[in-house]
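# Fold and geometry: a report
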Amino acid sequence: MTKQAIVAVAKAERPFFAGFDVGGTTIKIGLVDSIGQTLAFVEIPTKEPDGPTAAMQSSVAAMDGLLANLGLKRDDIVAIGLGTPGPQDIPTGMLIQPPNHPHWHNFPIVGCLNEISGLPVAYANDANAASWGEFWLGSGREHHNMVMLTLGTGVGGGIIMDDRMLVGANSSCGECGHIIVDGRPNARLCVWGGGRGHLEAYASASSVTEIAGERIAAGQESIISDLDDEITGKSIYEAAKLDDPLALTLIDETADYLAIGITSIVHTLDPGLVVIGGAMTFGGHNCSVGRRFLQHIRAGMRQRTFPNIADGTDIKFAALGGDAGYLGAAGLALDKFGPRKSA
């Protein structure tokens, strides 16, 4: 369920937009006004094996249901913003080969959604959409430049420079999880299996849980495996709250690799702000473990860069949680199809 406050239509700022955030198990759908207020929200199952056409039909039907409940019609929506897992071809609206959507490969998803809804569609990688949400309404709202890293099953990201989302020649700009942080020939492989030494191989939930399992199997004592049926990012976090040495070590090591990756990002782009989001922030600002994690990242970056760059670069947690995706997708629709700003 969305954490955003729901605003009444009478108090909302037209025009209105819809944001679709497609995940492996659910699709989040929100109706959003021109200043980022949520009018309505629903979450529906993705039903991945049924294919992308069925998912888009269900999403539009869910959007129509939200509109009807508000006394609105589809004509009240200017455009839909769509965020899906990559890789993609953004200019042609093609979903290429999303790893968690095997039945959705090489599919013209933008054309499909446009045909079903009759509305224009702004298309983005899901991590880029979440990044735009944070830039528009969250931790980056007072900035003009920002890089976001999303820590989940993999490591995604988004890059905004001079108030514009960067897409890239191959629709792959912002794939910060594939920055090389370990150049050894035996470096770990990242989630998709082909990237050796990538940041994702050391700072994603899948990699950190795998490392934890390896060390416990090798005889290192820990309560991590006692807290749940399987080792997860959550069980590592819970163990860290109980001062489990292995859990704390894993969190510190994750922060070290993130600091290496962020240093390369900062030296290349100089964004002034790096936002850390996703499911694996170890409690974020609300927990001493999360605060330790962030401080370790900041300290590691400071050790590797120039003092003026460290002083001029803020690293902080995301503010919108799981709502960033649908909010950012709607925001990108506003940016592409909404009223033009005066010069």
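It should be noted that the structure appears before, not after, this text.
Conventions adopted
Residues numbered from 1 in each chain as written. Predicted model: local features only at pLDDT ≥ 70, side-chain atom pairs only at ≥ 80, totals over all residues. Heavy atoms only, no water. Core = buried A, V, L, I, M, F, W, Y, C linked by side-chain atoms within 4.5 Å. Buried < 20%, exposed > 50% of the residue type's maximum accessible area, 1.4 Å probe, protein only. Helix = DSSP H or I, 4+ residues; strand = E, 2+ residues; numbered from the N terminus. Contact = heavy atoms within 4.5 Å. Phe/Tyr/Trp six-rings, centres within 6.5 Å; stacked < 30°, edge-to-face > 60°. Polar contact = N/O pair within 3.5 Å; in protein donor to acceptor, adjacent residues only side chain to side chain.

### Comments concerning the nonpolar core
Formed by 45 residues in total, the largest nonpolar core has its most connected members in Ile236, Ile262 and Phe293. The element contributing the most residues to this core is helix 7 (residues 245-269), with 10 residues. Leave out the neighbours within four places in its chain, and Phe293 touches Leu151, Ile251, Thr254, Ala255, Leu258, Met280, Thr281, Phe282 and Phe317.

### Remarks on the packing of aromatic side chains
Scanning the model with the defined rule gives four aromatic pairs in all. Taking the centre distance of 5.0 Å and the plane angle of 45° together, the rings of Phe41 and Tyr326 count as tilted. Taken together, the residues span a long stretch of sequence, with Phe41 in strand 3 (residues 38-45) and Tyr326 in helix 10 (residues 324-337) at a distance of 285 residues. Classification of Tyr326 as buried rests on a relative accessible area of 0%.

### So, the environment of Thr305
If you trace the backbone, Thr305 turns up in the loop between helix 8 (288-304) and helix 9 (307-311). On the basis of relative accessibility, which here comes to 12%, the residue Thr305 falls in the buried class. Distance from Thr305 to Leu199, taken between C-alpha atoms, is 18 Å for residues 106 residues apart in sequence. Ignoring sequence-local partners within four residues, the contact set of Thr305 consists of Thr263, His267 and Ala310. Separated by 2.7 Å, the side chains of Thr305 and His267 make a polar contact.

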